[in-house]
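Descriptive structure summary
If you want the building blocks of each chain, they are given just below.
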Amino acid sequence: MIKNHLSRLLGERRWTQARLARETGIRPSTVSAYYNELAERISYEHMDRICEALDCDVSDLLERVPSRQRKTGKDLILEQHGNRKTKQ
């Protein structure tokens, strides 16, 4: 899974979500979704703006943590109509 460290980075800098939204031009609701790790997608443009505003690298913002259950190869999980199903 991908871990988002935006909340930690903002806390370390004592920035609010509102300030990040103002500094980057990203909608407050989108910043909130990133902050609370509710967003399923993040745009490259937003990552670039956030990293520029916080003076950090993408690797400071995002981290890959291996999942307990594999989702590829023989354990492939297929998505069909929004529902995840294990290949039979």
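The structure presented is a predicted model; accordingly, all values stated were derived computationally and were not measured. (Residues numbered from 1 in each chain as written. Predicted model: local features only at pLDDT ≥ 70, side-chain atom pairs only at ≥ 80, totals over all residues. Heavy atoms only, no water.)

Points about helix α3 (residues 28-35)
Within the sequence span of α3, burial applies to Thr30, Val31 and Tyr34. Taken end-on, α3 shows its buried residues confined to a sector of 100°, consistent with a single buried face. Positive phi appears at Glu37, one or two residues downstream of α3, with a value of about 55°. (Buried < 20%, exposed > 50% of the residue type's maximum accessible area, 1.4 Å probe, protein only. Helix = DSSP H or I, 4+ residues; strand = E, 2+ residues; numbered from the N terminus. Arc of directions from axis to C-beta.)

Notes on the side chain of Asn4
Turning to its location among the elements, Asn4 is positioned in strand β1 (residues 2-4). Only 2.7 Å separates the side chain of Asn4 from the backbone nitrogen of Leu6, close enough to count as a polar contact. A polar contact of 2.9 Å, which involves the side chain of Asn4, links it to the backbone oxygen of Tyr34. Those residues within four positions of Asn4 in sequence are excluded, and the remaining contacts are Tyr34, Glu37, Leu61 and Leu62. (Polar contact = N/O pair within 3.5 Å; in protein donor to acceptor, adjacent residues only side chain to side chain. Contact = heavy atoms within 4.5 Å.)

Quick look at the layout of surface pockets
When its volume is computed, the largest pocket comes out at roughly 260 Å³. Around the largest pocket, the lining residues are Ile2, Asn4, Ala33, Tyr34, Glu37, Leu38, Ala39, Glu40, Arg41, Ile42 and Leu62. Considering only residue class, the lining of the largest pocket consists of seven nonpolar, one polar and three charged. (1 Å grid on protein atoms, 1.4 Å probe; cavity = no way out; pocket = protein on both sides within 12 Å on 5 of 7 lines; lining within 4 Å. Points joined across faces, edges and corners; volume = space filled by probe spheres on them. Nonpolar A, V, L, I, M, F, W, Y, C, P; charged D, E, K, R; others polar.)

Considerations on the packing of helix α2 (residues 17-24) against helix α4 (residues 44-54)
Angle between the axes and distance between the axes are the two parameters that describe a pair of packed helices. Interaxial distance between α2 and α4 falls to 10 Å at its minimum, and their mutual angle equals 110°. In terms of their interaxial angle, α2 and α4 are classed as roughly perpendicular. Between α2 and α4, the contacting residues are Leu20, Glu23 and Thr24 on the first element and Arg49, Ile50, Ala53 and Leu54 on the second. Each residue belonging to the contact of α2 with α4 can be placed in one class, and the counts come to four nonpolar, one polar and two charged. (Axes fitted to C-alpha atoms, helices over the stretch in contact; angles between N-to-C directions. Parallel < 35°, antiparallel > 145°, perpendicular 65-115°, else oblique.)

Let's talk about the nonpolar core
Membership of the largest hydrophobic core comes to 15 residues, with the highest contact counts inside it found for Leu6, Leu10, Leu20, Ile50, Leu54 and Leu61. When residues of this core are traced back to their parent elements, those giving at least two are α1 (6-13), α2, α3 and α4. In terms of residues, this core owes the most to one element, α4, which gives four residues. (Core = buried A, V, L, I, M, F, W, Y, C linked by side-chain atoms within 4.5 Å.)

Quick notes on the pattern of salt bridges
All chains considered together, the criterion is met by six salt bridges. The partner of Arg13 in a salt bridge is Glu12, with the nearest N and O atoms 3.9 Å apart. Judged by its relative accessible area of 29%, Arg13 falls in the partly exposed class. (Salt bridge = Lys/Arg side-chain N within 4 Å of Asp/Glu carboxyl O.)

Here's the deal with the confidence of the model for the protein chain
Within the protein chain, residue pLDDT values average 88, and 88% of them lie at 70 or more. Mean pLDDT values over the elements of the protein chain span from 54, in strand β4 (residues 83-86), up to 98, in α2. (pLDDT = per-residue confidence, 0-100.)

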